[in-house]
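So you can see what is in the structure, the chains are spelled out below.
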Amino acid sequence: MSYISEVYETLTVKYPHEKEFLQAVKEVLDSLAPVIEANEERYRRISLLERLVEPERIISFRVPWVDDNGKVQVNRGYRVQFNSAIGPYKGGLRFHPSVNQGILKFLGFEQIFKNSLTGLPIGGGKGGSDFDPHGKSDREVMAFCQSFMNELYRHIGADEDVPAGDIGVGAREIGYLYGQYKRLTGLYEGVLTGKGLSYGGSLTRTEATGYGLLYITDEMIRRAGKSIEGKTIVVSGSGNVAIFAIEKAYQLGGKVVTASDSNGYIYDANGINLDVLKKIKLQDRARIKEYLNYVPAAEYHENEKPWNVKCDIALPCATQNEINGESARTLLGNGCWCVAEGANMPSDLEAIEQFVNSGILYMPAKAANAGGVSVSALEMSQNSQRLSWTFEEVDARLKEIMKNIYNKVSASAEKYGYKGNFVVGANIAGFEKVAEAMEAQGIV
Ligand code: NDP
Ligand code: 2IT
């Protein structure tokens, strides 16, 4: 059995219930084959892969809090400190009822390679809770965040582990988490990113993941001799990533015709009205169905995903496994020629296979959505310097980072004989730096 198969098989026996984690590992390990085979003896001697797939540390804790009816609620909190070979653990916190250890291990594992691709000194981590912020009052969210931090604060620090946002964790939650960290430790330090501008946040962080997604998509499309100008774009999600992806897509001349939430999707043939979407989602925290109250000519499709809408470019920006093999076939059948992933692991293994085999322009999540964590790392730099850079400066750096990621991913794919296969390119380019650092630092 190959080294890769041995490691993967062992993992399936050890963690049979962590299906998202196993999926993420399979995708990465399979595409690392050329580089693993070339260095197999060396890597086996130091059990590199066995160590790579095992988190350095997982913290799991009880989060009790009191709801508005005076009832005590109990959630589970986690922080997966996956790999610190190239820098302090870095990665978001997700608050969503589906959160469990396996989901956070998949996200933490992906984060290792994504963070490596940014070229910045950040290791991989992820955390969160099965707490659902939907429908909770601000006071309830604050009570939860404070209780979550009452445990988490012992395990994080500006040079140790720096969490940020993800699904269900935005500016409001980061504010409450930061306030409690400061109260408990007395430290005014860059321990979280995505902070508000009045207390150490970075300009452009709010927009970074969505903007970065469009910067790398634009680069990939231009290198293929095409342009976003006038193209029809389908977006899923309507959260932080989706909203700023739509904003930048418009600035680049594209036309975005869909947006969605977990209840359904909106199709607006005239192009999604971004002001309306921002009002519904950022201001009112309401359901996407409300869009029809502002734009009655649009269509709302309950309990459906937007993948059957004809488009040139698809940008999944909601959640994992939102595109399966069948959705991928539908997209391709309708002439979609570019997919770039704003969400983490939005395409299942069958969908990835469809995209890669069809030869369309396909940029996987760990490269495509790396703009968010990149600007998080720039926020850490600004906090260390005790300076704030301008929007233009951070945006220019973000653009440069996304372009560099494209170049790295594309060059790695070509070097190993997989020209145009950005899945292989991203995984290998991300892996090489981490592997070298792990080898240099000995058995730790
Ligand atoms: P938000 O919480 O701001 O928005 C999430 C969006 O996705 C909402 O529209 C939400 O709808 C929808 N959604 C969430 N879960 C599901 C589900 N199970 N089924 C259908 N729709 C769902 O999160 P973000 O925009 O920050 O994150 C979106 C994706 O991007 C995630 O995969 C995240 O990991 C990834 N990402 C985020 C980064 C960031 O900087 N924020 C950076 C890199 C990647 P509803 O409100 O109905 O739940
Ligand atoms: O998936 C991700 O890269 C994020 N949620 C952002 C992580 C970060 O530390 O900014």
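Just above, that's the structure.
So, here is what we can say about the structure in this document. (Residues numbered from 1 in each chain as written. Chains lettered and ligands numbered in written order. Predicted model: local features only at pLDDT ≥ 70, side-chain atom pairs only at ≥ 80, totals over all residues. Heavy atoms only, no water.)

Here we look at the environment of Val295
Part 1: Within the fold, Val295 resides in the loop between α12 (291–294) and β10 (299–302).
Part 2: In the structure, Val295 is positioned 12 residues away from Trp307 in sequence and 21 Å away in space, judged by C-alpha atoms. (Helix = DSSP H or I, 4+ residues; strand = E, 2+ residues; numbered from the N terminus.)

As for the site of ligand 2
Part 1: Neighbouring ligand 2 are 14 residues; Lys90, Lys114, Asp166, Arg205 and Ser376 lie closest to it.
Part 2: Here an oxygen atom of ligand 2 sits 2.7 Å away from a polar atom, N or O, in the side chain of Lys114.
Part 3: Within the contact set of ligand 2, an oxygen atom lies 2.5 Å away from a side-chain nitrogen or oxygen of Ser376.
Part 4: In the complex, 94% of the free accessible area of ligand 2, which totals 290 Å², lies under the protein chains.
Part 5: Secondary-structure elements contributing two or more residues to the shell around ligand 2 are β3 (89–95), α6 (101–117) and α16 (371–385). (Near = heavy atom within 4 Å. Polar contact = N/O pair within 3.5 Å; in protein donor to acceptor, adjacent residues only side chain to side chain. Areas by Shrake-Rupley, 256 points an atom, 1.4 Å probe, with all protein chains shown as cover.)

Details of the sheet that holds strand β9 (residues 264–267)
Part 1: Taken together, the three strands give an open sheet; going across it, the order is β8-β9-β10, and neighbouring strands pair in antiparallel fashion. A strand with exactly one partner marks an edge of an open sheet, and here the two such strands are β8 (258–261) and β10. Along the sheet, successive strands turn relative to each other by an average axial angle of 20°, direction set aside.
Part 2: As paired strands, β8 and β9 are joined by four bridges and run antiparallel to one another. By the bridge assignment, Ser260 is partnered in β9 with Tyr265. (Pairing = 2+ DSSP bridges. Axes fitted to C-alpha atoms, helices over the stretch in contact; angles between N-to-C directions.)

Regarding the nonpolar core
Note that soluble globular proteins tend to have their nonpolar side chains buried in a common cluster.
Part 1: Leu315 and Met363 are the most contacted members of the largest nonpolar core, which totals 63 residues.
Part 2: The greatest single-element share of this core, amounting to eight residues, is contributed by helix α9 (residues 205–223).
Part 3: Counting residues in hydrophobic clusters, the runner-up holds 43 residues, among them Leu29, Ile46, Ile103 and Phe109. (Core = buried A, V, L, I, M, F, W, Y, C linked by side-chain atoms within 4.5 Å. Buried < 20%, exposed > 50% of the residue type's maximum accessible area, 1.4 Å probe, protein only.)

Describing the packing of aromatic side chains
Part 1: Taken as a whole and judged by the stated rule, the model has 20 aromatic pairs.
Part 2: For the ring pair Phe21 and Phe82, a centre distance of 6.1 Å and an interplane angle of 40° mean the geometry is tilted. Here Phe21 is found in helix α2 (residues 19–31), whereas its partner Phe82 is found in strand β2 (residues 72–83), with 61 residues between them in sequence. Each member of the pair, Phe21 as well as Phe82, carries the same accessibility label: buried.
Part 3: Taken together, a centroid distance of 5.1 Å and an interplanar angle of 75° make the contact between Phe109 and Phe113 edge-to-face. Taken together, the residues Phe109 and Phe113, both in helix α6 and four residues apart, mark about one turn of the helix.
Part 4: What links up through ring pairs into an aromatic cluster is the set Phe61, Trp65, Phe95, Phe131, Phe144 and Phe148.
Part 5: Directly above the ring of Phe131 sits Lys136, whose terminal nitrogen or CZ lies 5.3 Å from the centroid. (Phe/Tyr/Trp six-rings, centres within 6.5 Å; stacked < 30°, edge-to-face > 60°. Lys NZ or Arg CZ within 6 Å of the ring centre and 35° of its normal.)

Things to note about a nonpolar patch on the surface
Part 1: Together, Val66, Val72 and Val74 make up an exposed nonpolar region whose accessible area comes to about 250 Å².
Part 2: With respect to the helices and strands, the residue Val72 is situated in strand β2. (Patch = residues over 30% accessible without salt bridge, like charges linked within 9 Å, V, L, I, M, F, W, Y side chains within 5 Å. Salt bridge = Lys/Arg side-chain N within 4 Å of Asp/Glu carboxyl O.)

Description of the side chain of Asp67
Part 1: Within the secondary structure, Asp67 sits in the loop between β1 (57–66) and β2.
Part 2: Buried charged residue Asp67 carries no salt bridge. Nearest counter-charge: Arg139, at 5.9 Å.
Part 3: Once you skip the residues sitting within four places of it in the chain, Asp67 turns out to touch Gln73, Arg139 and Glu140. (Lys, Arg positive; Asp, Glu negative; His and termini not counted. Contact = heavy atoms within 4.5 Å.)

A look at the site of ligand 1
Part 1: As a matter of local geometry, ligand 1 sits amid 25 residues, with Asp166, Thr209, Ser262, Arg287 and Asn344 nearest to it.
Part 2: Contact distances for ligand 1 include 3.0 Å between an oxygen atom and a side-chain N or O atom of Arg94.
Part 3: Note that an oxygen atom of ligand 1 is positioned 3.0 Å from one of the backbone N or O atoms of Ser238.
Part 4: For ligand 1, whose free accessible area comes to 890 Å², the fraction covered by protein is 85%.
Part 5: Looking at the shell around ligand 1, the elements with two or more residues in it are α9, α10 (240–251) and β8.
Part 6: Residue composition of the shell around ligand 1, by class: five nonpolar, 14 polar and six charged. (Nonpolar A, V, L, I, M, F, W, Y, C, P; charged D, E, K, R; others polar.)

Thoughts on helix α8 (residues 171–185)
Part 1: The end-to-end C-alpha distance of α8 is 21 Å, a good match for the 21 Å that 15 residues give at a rise of 1.5 Å each.
Part 2: Buried residues along α8 sit against β3, α7 (138–152) and β5 (161–164).
Part 3: Of the residues trailing α8, Gly186 is marked for its positive phi of about 75°. (Expected span 1.5 Å × (residues − 1).)

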